[in-house]
Amino acid sequence: MNPAPPPSPNERDAAAAAPARPGAPGAPGAVRALVADDEPLLRTHLAHHLAQLWPELEIAGEARNGREAVDLVVQLQPEVVFLDVHMPGMNGVEAARLM
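Residues numbered from 1 in each chain as written. Predicted model: local features only at pLDDT ≥ 70, side-chain atom pairs only at ≥ 80, totals over all residues. Heavy atoms only, no water.

### Examining the sheet that holds strand 3 (residues 80–83)
- Spatial ordering of the open sheet is given by 2-1-3, a layout of three strands whose pairing is parallel. Unpaired on one side and paired on the other, strand 2 (57–63) and strand 3 mark the two borders of the sheet. Neighbour-to-neighbour, the strand axes of the sheet open up by a mean angle of 25 degrees, direction not taken into account.
- Bridging between strand 1 (residues 31–36) and strand 2 involves six bridges; their strand directions are parallel. (Pairing = 2+ DSSP bridges. Helix = DSSP H or I, 4+ residues; strand = E, 2+ residues; numbered from the N terminus. Axes fitted to C-alpha atoms, helices over the stretch in contact; angles between N-to-C directions.)

### Quick notes on the confidence of the model for the protein
- Averaged over the protein, the pLDDT score is 80; the fraction of residues at 70 or greater is 72%.
- Confidence drops under pLDDT 50 across residues 10–22; counting only partners more than four residues distant or on other chains, this segment forms seven contacts. (pLDDT = per-residue confidence, 0-100. Contact = heavy atoms within 4.5 Å.)

### A closer look at the pattern of salt bridges
- Summed over the entire model, instances satisfying the criterion amount to four salt bridges.
- Notably, a salt bridge pairs E68 with R64, separated by 2.4 Å at the nearest N-O pair.
- On the basis of relative accessible area, E68 is assigned to the partly exposed category, the value being 21%.
- Judged by relative accessible area, which is 52%, R64 ranks as exposed.
- The partner of D71 in a salt bridge is R67, and the shortest N-O contact between them spans 3.4 Å. One end of the pair is D71 and the other is R67, both in helix 3 (residues 66–76) and four residues apart, which spans about a single turn.
- Taking the relative accessible area as the measure of exposure, D71 reaches 42% and is therefore partly exposed. (Salt bridge = Lys/Arg side-chain N within 4 Å of Asp/Glu carboxyl O. Buried < 20%, exposed > 50% of the residue type's maximum accessible area, 1.4 Å probe, protein only.)

Quick look at the structure:
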């Protein structure tokens, strides 16, 4: 079996320019995730980069603090949770202990 030839420079550029596609809800191979951060721009930035790097990842929900994250984990049952360590109220470490 011969390995596939490497992509041409044009193919690499086209792949890099292709829009990210989040995992379709319930699609085979999709991984459900929750993002928790008290900074809205950081939540958006992280979700954007995750969509580019991990196309099968479905961001099922976003939380503004640890308490919301714990509640959403119970409700949404994600397989992966991205937690900010420093959040007001309940921080990410305390939230992780309760999950």
